[in-house]
Amino acid sequence: MNYFDHAASSSLYPEVLEILLKSYSEDFANPSSQHILGHTLFEKIEEARAEFLKALGAHKDDSFYFTSSATESNNTVIKGLNFDEGDAILYSRADHPSLTAPIEQIASAFKAELKEIPLSNDGTIDIEKFESLLDKNIKLVALTHVNNQSGVIQDVGLLSKLVKEKTNAHVHVDAVQAFGKIKVALNPHIDSLSMTSHKIGGPKGVAGLFLKKGANVNPLLLGGGQEQGFRSSTQAFPLIVAFHKAMKISLGNLEVSLLKTKKLSDLIQTKLTQSIPPLLSPFKTTSPYIFSFLLPGISSDIILRHLEMRDVFISSTSACSSKISGFNPSLLALGIPENFHKNFLRISLSPVTTEKEVENLVREFQNVWGDLKHLKGK
Amino acid sequence: MTSDLVISIDELWLKGKNQKSYLRAAIDHINAVIKSYHSDKFSQRIQAQRIYYSSPTPFSDELIKSLTFVPGLAYISPVTVIKREPDYSLENVYKTILEELSFLESTPKKFRANVKRVDKQFPSTSVNLEKEIGHRILTKYPLAKVELENPELRIDVRIFGTNITVSTQSHRGVGGLPWGTSGYAVTMLSGGFDSPVASYLMSKRGVKQVFVFFHAYPFVGREVVTKIKNLTSVLAKYQRQTHLYIVPFGEIQNLISKQCKEEYRTIFFRRFMVEISNLIAERIKANGLITGDSLGQVSSQTMENLHLMDQASKRIILRPLVGYNKMEILNCATAIGTHDISIIPHDDACSLFAPKNPIIHPNLDYWKSWDSEFDISAELNAAIDKAETYSVNLQGELYKKDFFSFDE
């Protein structure tokens with residue numbers, strides 16, 4: 001199998017699977033139980049929590065919570081802030097729906113003003129225009145470190161600094177496609193940050209939320225008071241330790257993986273661009289883990305299915321929104337005209353992607369193109 | 001809930017010497033439906049061209065509903081049987097009728113009573129009995145009215161030598177001819193409105209069918225298959241048992257489009273669909289095809305293009321919608337429950353392959369040149385071998401098969 005949809009979900013590291021299986025079989029107690037079985041698990045969760053904070057370069061008084069998904073982490077922050085009428089939210093419709101949907105819901109519920117973060121043609125945030133939008137009314141700024149569709153990296157360090165210079169807004173960063181893949185530089189201006197396990201070789205069903213000390217966010221889930229009272233729910237111990245392991249592997253190899261992936265990604269870009277003249281790659285400053293492009297003339301779904309027949313798996317749009325036919329609001333916000341939305345393709349890699357897989361991808365892509373190009377322009 | 005049913009057969013009077021075999025086909029189908037829904041034993045007898053069913057436990061509403069889909073049946077009527085034992089009186093009959101009509105207390109309805117004396121020795125005349133029943137209903141339920149021409153309710157009483165049957169509600173069946181009495185056909189389903197209606201109309205005329213769908217994967221996705229399966233589920237209720245074949249057609253389509261003139265693409269796709277359907281018909285020993293063609297609806301349905309399809313087919317192509325307007329088709333689709341499935345959007349390969357100017361007056365020499373120059377019969381047979389096959393029971397449930405299969 002030649003899998004190039006790691007930005008949607010990645011395969012488990014074998015070491016992670018091993019821990020997961022062992023833990024599912026042995027660690028069945030409730031970490032909140034008072035007996036020694038529960039207490040041991042509780043302590044291991046606290047150790048993992050401390051290591052996540054350390055990995056982020058956070059202060060030990062900051063908080064890190066285990067959630068069920070990055071969608072939950074994003075919703076927790078957005079719905080947990082105290083909005084008043086007249087507040088403004090700065091966000092981008094190019095971002096994942098787990099940011100845009102709750103933001104639009106909250107804005108409508110609290111009559112908050114929505115301001116859209118301006119993007120340049122290459123997908124990066126237009127810093128000058130961004131600065132000009134900053135005023136005292138802004139209560140929340142939602143940033144995405146690496147866009148899940150375009151792969152464009154935003155300078156969240158600089159952007160958050162600019163926000164704090166002019167406003168008291170809460171700065172939230174979605175680092176789902178960044179954490180464990182590229183260097184995520186936490187700085188004192190970032191108030192919260194979300195990440196997930198299944199994009200970095202860990203299991204689905206567990207994710208993380210960093211919250212800076214003093215950040216005024218109310219819990220989303222109330223109940224038994226787990227996760228230091230911030231996220232009630234029985235803690236999914238096996239998932240948490242598996243996520244912890246995946247984090248350690250990913251960060252431990254980060255630099256090496258990044259170099260290797262950059263080489264492979266460049267190879268894909270060069271070969272495909274050379275052999276398929278109509279291919280357009282509109283984005284600059286992208287993560288090497290994501291290569292997105294447009295192939296005008298043939299619907300991307302058709303290419304995707306021709307590739308899957310040849311055991312190559314890529315993505316046409318974000319897997320969460322692939323049921324939406326044609327028009328895609330986040331692609332529009334990324335500056336892609338509506339008539340090209342059906343021509344958008346994403347190839348995404350992981351540290352385990354091999355040169356052999358890349359060769360297969362390039363060869364099969366060229367074959368599919370050769371088989372279909374006579375239909376182009378219909 | 002009732003433990004006695006009486007079923008009348010449609011169009012039986014039209015059949016002379018064939019009457020027995022038509023009746024047999026209808027009974028076999030009814031028995032299969034009853035067995036599929038009713039776990040208890042049941043008995044069946046034929047009297048005066050009607051079929052009486054009886055069981056120790058009640059027949060469910062679901063079963064009765066299912067019988068209304070069985071081709072060839074005119075009416076399905078739950079009945080109450082009153083035995084003519086020494087101590088019985090006609091009062092039992094009146095009481096039963098009034099009890100079953102208790103809804104008339106709050107709902108106004110127009111009714112008529114129909115009494116038939118199979119036992120000619122019965123003392124009272126049919127007319128007198130009808131009058132008495134009418135009188136009793138009107139007295140007890142002032143909202144009820146007599147209507148002889150177009151009644152909403154028919155109160156049916158039949159007097160036999162040993163018992164009297166009372167029926168106050170009848171369910172109209174689809175009518176027509178029993179399943180399998182008018183041949184066996186391969187129905188070409190698309191995801192649209194037309195072909196399911198065509199299938200229904202031919203089911204009504206007693207045509208046993210299997211369904212074939214040409215799946216243009218990888219040019220279209222899997223979603224359309226779900227839609228086709230759902231349509232088949234609905235249409236299978238008019239069949240006693242059937243099969244669905246999802247034939248892979250994307251590669252063949254691409255192969256054809258590389259070879260033929262662009263404006264001929266659509267009719268050549270259709271030609272090879274017809275050829276594959278014929279190959280399937282050969283394998284399963286069917287004698288015709290069914291399509292949802294309506295004359296002139298789209299460019300491939302001009303008289304000339306339809307004629308080309310006839311030439312490509314070794315078997316008759318039944319086109320029951322040939323004279324239907326779109327609105328008539330949509331109304332029928334709504335009535336049989338396929339409309340809301342057909343309306344679900346799905347991607348189709350048409351937009352990619354559709355010629356800018358599809359041919360309306362095809363050149364016959366060009367068409368025929370393909371007979372000798374373009375032999376893809378191996379590919380066509382291979383597509384059938386690779387077809388995803390489902391057997392479908394009369395409840396519309398699909399069961400995936402490992403290989404191409406069919407019923408003799």
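Quick caveat, the model's predicted, so the values are computed rather than measured. Sequence order as written defines the numbering, with residues in each chain counted from 1. To read the labels, note that chains go from A and ligands from 1, taken in the order they are written. Only residues with pLDDT of at least 70 are given local features in this predicted model, and only at 80 or more are side-chain atom pairs given and counted; all residues enter the totals for whole chains, interfaces and linings.

> Provide a residue-level description of the overall build of chain A, including the pertinent values.
Check the secondary structure of chain A and you find 11 helices and 11 strands. Just to be clear, the radius of gyration here is over C-alpha atoms, and the globule rule we use is 2.2 Å times residues to the power 0.38. Compactness check: chain A gives a C-alpha radius of gyration of 21 Å against a globular reference of 21 Å for 378 residues, within 12% of the reference. Along the longest, intermediate and shortest principal axes, the C-alpha atoms of chain A span 70 × 50 × 35 Å. Remark: C-beta atoms are placed from the backbone, and a residue is labelled buried if 20 or more other C-beta atoms sit within 10 Å of its own, exposed if 12 or fewer do, or partly exposed between those counts. Looking at the 378 residues of chain A, the share that counts as buried comes to 48%. Going along the chain from the N terminus, every DSSP run of H or I of four or more residues is numbered as a helix, and every run of E of two or more is numbered as a strand.

> Tell me about the overall build of chain B, residues and numbers included.
Along chain B, the regular secondary structure elements total 14 helices and 17 strands. Taken along the three principal axes of its C-alpha coordinates, chain B extends 85 × 40 × 40 Å. Considering chain B as a whole, with its 408 residues, one finds that 41% of them fall into the buried category. Throughout, a pair of residues is in contact if the C-beta atoms placed from their backbones lie within 7 Å. At a minimum sequence separation of 6, the contacts of chain B that also span at least 24 residues come to 80%.

> Which residues make up the packing of helix 3 (residues 70–80) of chain A against helix 4 (residues 97–110) of chain A, and what are the values?
Residues and elements named next belong to chain A. Axis separation between helix 3 and helix 4 bottoms out at 9 Å; the angle between their running directions is 25 degrees. Between helix 3 and helix 4, the angle falls in the class roughly parallel. The crossing of helix 3 and helix 4 is right-handed. In this structure, helix 3 uses Ala70, Thr71, Asn74, Asn75, Ile78 and Lys79 to contact helix 4, whose residues at the interface are Ser98, Leu99, Pro102, Ile103 and Ile106. A class-by-class count of the residues in the contact of helix 3 with helix 4 yields 6 nonpolar, 4 polar and 1 charged. Axis lines are fitted to C-alpha atoms, over the contacting stretch for helices. Their N-to-C directions set the angle, which ranges from 0 to 180 degrees. Should an angle lie under 35 degrees it is considered roughly parallel, over 145 roughly antiparallel, and from 65 to 115 roughly perpendicular; all remaining angles are considered oblique. In this scheme, a crossing is called left-handed if the near helix is turned counterclockwise away from the far one by less than a right angle; it is called right-handed if the turn is clockwise. We call Asp, Glu, Lys and Arg charged. Ala, Val, Leu, Ile, Met, Phe, Trp, Tyr, Cys and Pro are nonpolar, and the rest, Gly among them, are polar.

> Outline the sheet that holds strand 4 (residues 113–116) of chain A, supporting the account with residue identities and numerical values.
Residue and element names in this part refer to chain A. Across the sheet, 7 strands lie side by side as 2-8-7-6-5-3-4; this open sheet has mixed pairing. What marks the edges here is a single partner per strand, and that holds for strand 2 (63–67) and strand 4. For this sheet the average axis-to-axis angle between neighbouring strands, irrespective of direction, equals 20 degrees. When DSSP finds two or more bridges between a pair of strands, those strands are recorded as paired.

> I'd like to hear about the packing of helix 8 (residues 254–275) of chain A against helix 11 (residues 355–372) of chain A, residue by residue, with values.
Residue and element names in this part refer to chain A. At a minimum axis separation of 10 Å, helix 8 and helix 11 run at an interaxial angle of 15 degrees. The orientation of helix 8 with respect to helix 11, classified from their angle, is roughly parallel. Our pair here, helix 8 against helix 11, has a crossing hand that is right-handed. Where helix 8 approaches helix 11, its residues Leu264, Leu267, Ile268, Lys271, Leu272 and Ser275 are matched on the opposing element by Glu355, Val358, Leu361, Val362, Phe365 and Gln366. In terms of residue class, the contact of helix 8 with helix 11 is made up of 8 nonpolar, 2 polar and 2 charged.

> Can you explain the interface of chain B and chain A? Please cite residues and give values.
Taken together, the contact pairs 11 residues of chain B with 10 residues of chain A. Of all the elements in the fold, those that place two or more residues in the side of chain B that touches chain A are helix 7 (250–259) and helix 12 (350–353) of chain B. For the side of chain B that touches chain A, the element with the highest residue contribution is helix 7 of chain B, accounting for 3 residues. Grouping the amino acids of the side of chain B that touches chain A by side-chain chemistry returns 6 nonpolar, 3 polar and 2 charged.

> Can you explain unusual backbone geometry? Please cite residues and give values.
Look at the link from B:Tyr217 to B:Pro218: it is a cis peptide, with omega at 5 degrees. Structurally, the position occupied by B:Pro218 is in the loop between strand 12 (208–215) and helix 6 (223–236). Even without a glycine there, the phi angle at A:Gln228 is positive, about 55 degrees. Even without a glycine there, the phi angle at A:Asp311 is positive, about 65 degrees. Structurally, A:Asp311 can be placed in the loop between helix 9 (300–309) and strand 10 (312–313). Taking the C-beta count within 10 Å as the criterion, A:Asp311 has 11 such neighbours and is therefore assigned exposed.

> Explain the pairing of strand 8 (residues 207–211) of chain A to me, using residue names and the numbers behind them.
Residues and elements named next belong to chain A. Counting buried positions along strand 8 yields 5 of 5 residues, so the element is predominantly enclosed. Covered by surrounding structure in strand 8 are Ala207, Leu209 and Leu211 together with Gly208 and Phe210, the residues of both alternating faces. Both strand 2 and strand 8 contribute to a ladder of 5 bridges, which runs antiparallel. Within the sheet, the bridge partner assigned to Thr67 lies in strand 8 and is Ala207. Relative to strand 8, strand 7 (residues 192–196) runs antiparallel, the two being bridged by 5 bridges. By the bridge assignment, Leu193 is partnered in strand 8 with Phe210.

> Describe the sheet that holds strand 11 (residues 184–189) of chain B, listing the residues and the values that go with them.
Residues and elements named next belong to chain B. Spatially, 15-14-11-12-13-16-17 is the arrangement adopted by the 7 strands of the open sheet, whose pairing is mixed. Of all strands in the sheet, those bounded by a partner on one side alone are strand 15 (316–318) and strand 17 (398–401). The average angle at which neighbouring strand axes cross in this sheet is 25 degrees, direction not considered. Direction of pairing for strand 11 relative to strand 14 (residues 288–290): parallel, over a ladder of 3 bridges. The residue of strand 14 that forms the bridge with Thr187 is Ile290. Helix 5 (residues 194–204) rests against strand 11, strand 12, strand 14 and strand 15 of the sheet, and its axis sits at about 165 degrees to strand 11.

> Any details on the pairing of strand 8 (residues 153–159) of chain B? Residues and values, ideally.
Residue and element names in this part refer to chain B. Among the 7 residues of strand 8, 5 are classified as buried, and the element is accordingly described as predominantly covered. Here 7 bridges tie strand 6 (residues 110–117) to strand 8, and the two strands are oriented parallel to one another. Within the sheet, the bridge partner assigned to Ala113 lies in strand 8 and is Ile155. Looking at chain direction, strand 8 and strand 9 (residues 163–167) are connected through 4 bridges and run antiparallel. Looking at strand 9, one finds that Asp156 is bridged to Ser167. Connecting strand 8 to the next strand, strand 9, in antiparallel fashion are 3 residues.

> An account of the environment of B:Phe69 is requested, with residue identities and associated values reported.
Here B:Phe69 lies in the loop between helix 2 (61–67) and strand 4 (73–78). For the pair B:Phe69 and B:Gly175, spaced 106 residues apart in sequence, the C-alpha to C-alpha distance is 8.8 Å.

> Provide a residue-level description of the nonpolar core, including the pertinent values.
If you look at the biggest cluster of nonpolar residues, it comprises 205 residues, and the most contacted ones within it are A:Val141, B:Val157, B:Val186, B:Val197, B:Val212, B:Val247 and B:Leu289. With 9 residues, helix 8 (residues 265–284) of chain B is the single largest residue contributor to this core. When residues no more than four places from it in sequence are discounted, the contact partners of B:Val212 are B:Val186, B:Met188, B:Leu189, B:Tyr245, B:Val247, B:Ser277 and B:Ile280. Think of a nonpolar core as buried Ala, Val, Leu, Ile, Met, Phe, Trp, Tyr and Cys residues, each tied to the set through C-beta atoms within 7 Å.

> Give a detailed account of the confidence of the model for chain A, specifying residues and quantitative values.
In the predicted model, chain A carries a mean pLDDT of 94, and 97% of its residues have values of at least 70. Note that pLDDT drops below 50 for residues 318–324 of chain A; the model gives that stretch 8 contacts with residues more than four away or on any other chain. Each residue carries a pLDDT score, the predictor's confidence in it, ranging from 0 to 100.

> How would you explain helix 5 of chain B if you had to name every residue and give the values?
Burial analysis of helix 5 of chain B places 11 of its 11 residues in the buried class, which makes it a mostly covered element. Inspection of helix 5 of chain B places B:Asp194, B:Ser195, B:Pro196, B:Val197, B:Ala198, B:Ser199, B:Tyr200, B:Leu201, B:Met202, B:Ser203 and B:Lys204 among the buried residues, and these make up the whole buried set.

> Account for the confidence of the model for chain B, with residues named and values stated.
This prediction gives chain B a mean pLDDT of 92; 99% of its residues lie at or above 70. Quick note on the complex model: pTM equals 0.86, ipTM equals 0.79.

> I'd like a description of the environment of B:Thr226, backed by residues and values.
Residue and element names in this part refer to chain B. Inspection of the secondary structure assignment puts Thr226 in helix 6. Residue classification places Thr226 among the exposed positions, given that 12 C-beta atoms sit within 10 Å. When the C-alpha atoms of Thr226 and Ile341 are compared, they prove to be 9.9 Å apart, with 115 residues separating the residues in sequence.

> Could you give me a rundown of the environment of A:Thr270, with the residues and numbers involved?
Examined against the element boundaries, A:Thr270 turns out to sit in helix 8. Taking the C-alpha atoms as reference, A:Thr270 lies 31 Å from A:Leu159; in sequence the two are 111 residues apart.

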